[in-house]
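Chain by chain, the residues:
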Amino acid sequence: MEAGKSAAARRPAAAPAPEWPTDPEQARALQRRLAASVVREDRLGPVRRVGGLDVHYAPRAGLAFAAAVALDAERLELEASALACAPLVFPYVPGLLSFREAPAALRALALLDPPPDLLLVDGQGLAHPRRLGVASHIGLLADLPTIGVAKSRLCGSFAEPPRSAGSWTLLREGEEVIGAVVRTRAGARPLFVSIGHRVSLATAVAWTLRLCRGYRLPEPTRLADRLSRCHAP
DNA sequence: GCGACAG
DNA sequence: ATCTTGTCGC
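An account of the accompanying structure is given in this report.

How each quantity is defined
Residues numbered from 1 in each chain as written. Chains lettered and ligands numbered in written order. Predicted model: local features only at pLDDT ≥ 70, side-chain atom pairs only at ≥ 80, totals over all residues. Heavy atoms only, no water. Helix = DSSP H or I, 4+ residues; strand = E, 2+ residues; numbered from the N terminus. Contact = heavy atoms within 4.5 Å. Near = heavy atom within 4 Å. Polar contact = N/O pair within 3.5 Å; in protein donor to acceptor, adjacent residues only side chain to side chain. Nonpolar A, V, L, I, M, F, W, Y, C, P; charged D, E, K, R; others polar. Expected span 1.5 Å × (residues − 1). Bend = angle between axes of the 7 residues up to and from the residue. Buried < 20%, exposed > 50% of the residue type's maximum accessible area, 1.4 Å probe, protein only.

You can see Q31 is positioned in helix 2 (residues 24-34). Q31 has contacts with G95, L96, S98, F99, H128, R130 and L132, leaving out every residue within four places of it along the chain.

This is the structure we're talking about:
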């Protein structure tokens, strides 16, 4: 043992405490401020480990359960996982998901050792009304390259991508490109992929497809989802 | 005013 | 997300 050197001690969590809104208007104001800091280009090093993050809820217990996983980017095999829970301090409001998920998610992420070089988050990134979905918000708070991988649309319009796996179309809002609609599995409903933080859209789509192993969800998100399910009551 | 609306 | 069994379709 190395006394005093737990994973959490070596890598403190980005605590949501300092400025955590308690009502929707404060939250939207904070999003508008933070959105300017999101980096939409590739600013990531070599990706040896890819992470996945997902959160499940136990509303009756007033808790959120988060699972974070790290996979070998080459073999896509599980290398590490972490679980954490946190009190639910914010209601679900479309567009404000991160204020509900981040407390538990950041705890799980801080416990994940070794940390990932790139993180896939279950939810939108830039494809958000104020361009600060949960993937972007967590990317900023944890200072990690992130990709938003959502199972359904929050905003924007798109053309249905062809039915074959690997095909995709752009997700737009007005003239602005905010993400991609990606067919990760033939015939299955597409995923909504967007920039989270420090990753370009092209890189986000490429990684998402590369991380799929015959299922609709890419492995990091799929495993995190399965793990967080097991531990929710 | 009437829908839409990540998880 | 969660509440929940069998069942319609490729």
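In the vicinity of DNA strand B there are 18 residues, among which Y92, G95, K151, S152 and R153 approach most closely. Considering DNA strand B, the proportion of its atoms within 4 Å of the protein that are sugar or phosphate atoms stands at 54%. At a separation of 3.0 Å, a base nitrogen of DNA strand B approaches a polar backbone atom of G95. Within the side chain of R153, one N or O atom sits 2.9 Å away from a phosphate oxygen of DNA strand B. Of all the elements in the fold, those that place two or more residues in the surface near DNA strand B are strand 1 (49-58) and helix 3 (97-111). Here the residues of the surface near DNA strand B are counted per class, giving eight nonpolar, five polar and five charged.

Compared with an ideal rise of 1.5 Å per residue, which puts 15 residues at 21 Å, helix 3 spans 22 Å between its outermost C-alpha atoms and is within 8% of the ideal. Of all the bends found along helix 3, the most pronounced is centred on P103 and spans about 35°. Burial analysis of helix 3 places twelve of its 15 residues in the buried class, the great majority of the element. Listed as buried for helix 3 are S98, F99, R100, E101, A102, P103, A104, A105, L106, A108, L109 and A110.

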